[in-house]
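Spelled out from the first residue to the last, the chains are:
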Amino acid sequence: MDQEILSSLAHFQEQIEALSLRFHKLKDITYKLYQENEELQRENEELRSLLFKDQEDAEEAVAEKEGYSNLIHIYDEGYHVCPLSFGEKRKGDCLFCLNLLENQGKEK
């Protein structure tokens, strides 16, 4: 009877050791997956920030072009676009307006 108990205990200890080994392997795999997940999340955030930055830059460029087009349109309708007389009806060409439009066109 003592032999059976000792044999059962030895067998039980082997099972516990096998479970412990499997547990440590699973823990290592989980830790590696956690690290990989953290790295992928950081990379994803960096890519998102780059993507949105590019989109914002494109939107700003479109807005600047629209602003320049609007100034030309206002000038063509016969109004000043220069800071000195902005929005006033003009008689003939204005050197300040033309200079402003020329400088705006060069920035593009």
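Reading guide: rules and limits
- Residues numbered from 1 in each chain as written.
- Predicted model: local features only at pLDDT ≥ 70, side-chain atom pairs only at ≥ 80, totals over all residues.
- Heavy atoms only, no water.
- Helix = DSSP H or I, 4+ residues; strand = E, 2+ residues; numbered from the N terminus.
- Rg over C-alpha atoms; globule rule 2.2 N^0.38 Å.
- Buried < 20%, exposed > 50% of the residue type's maximum accessible area, 1.4 Å probe, protein only.
- Contact = heavy atoms within 4.5 Å.
- Areas by Shrake-Rupley, 256 points an atom, 1.4 Å probe, with all protein chains shown as cover.
- Expected span 1.5 Å × (residues − 1).

- In the annotation of an unreviewed UniProt entry, the entry for the chain reads Regulator of replication initiation timing, and the organism field reads Halanaerobium saccharolyticum.

**Thoughts on the overall build of the chain**
Step number 1: Within the chain, the regular secondary structure consists of two helices and zero strands.
Step number 2: Computed over C-alpha atoms, the radius of gyration of the chain comes to 37 Å, more than 25% over the 13 Å expected from 2.2 N^0.38 for 108 residues, which places it beyond the range of a compact globule.
Step number 3: Along the first, second and third principal axes, the C-alpha atoms of the chain reach 120 × 20 × 15 Å.
Step number 4: Put simply, the chain has 108 residues, and 10% of those count as buried.
Step number 5: Considering only residue pairs separated by 6 or more positions, the chain has 21% of its internal contacts joining residues 24 or more positions apart.
Step number 6: Counting every atom, the chain has about 9,600 Å² of accessible surface; 57% of that belongs to carbon and sulfur.

**As for helix H1 (residues 2–76)**
Step number 1: With 75 residues, H1 extends 109 Å between its outermost C-alpha atoms, agreeing within 8% with the 111 Å of an ideal straight helix rising 1.5 Å per residue.
Step number 2: Looking one or two places after H1, you find Gly-78, whose phi comes out positive at around 100°.

**Some thoughts on the environment of Gly-67**
Step number 1: Take Gly-67: it is sitting in helix H1.
Step number 2: Sequence spacing of Gly-67 and Ile-29 is 38 residues, and the spatial spacing of their C-alpha atoms is 56 Å.

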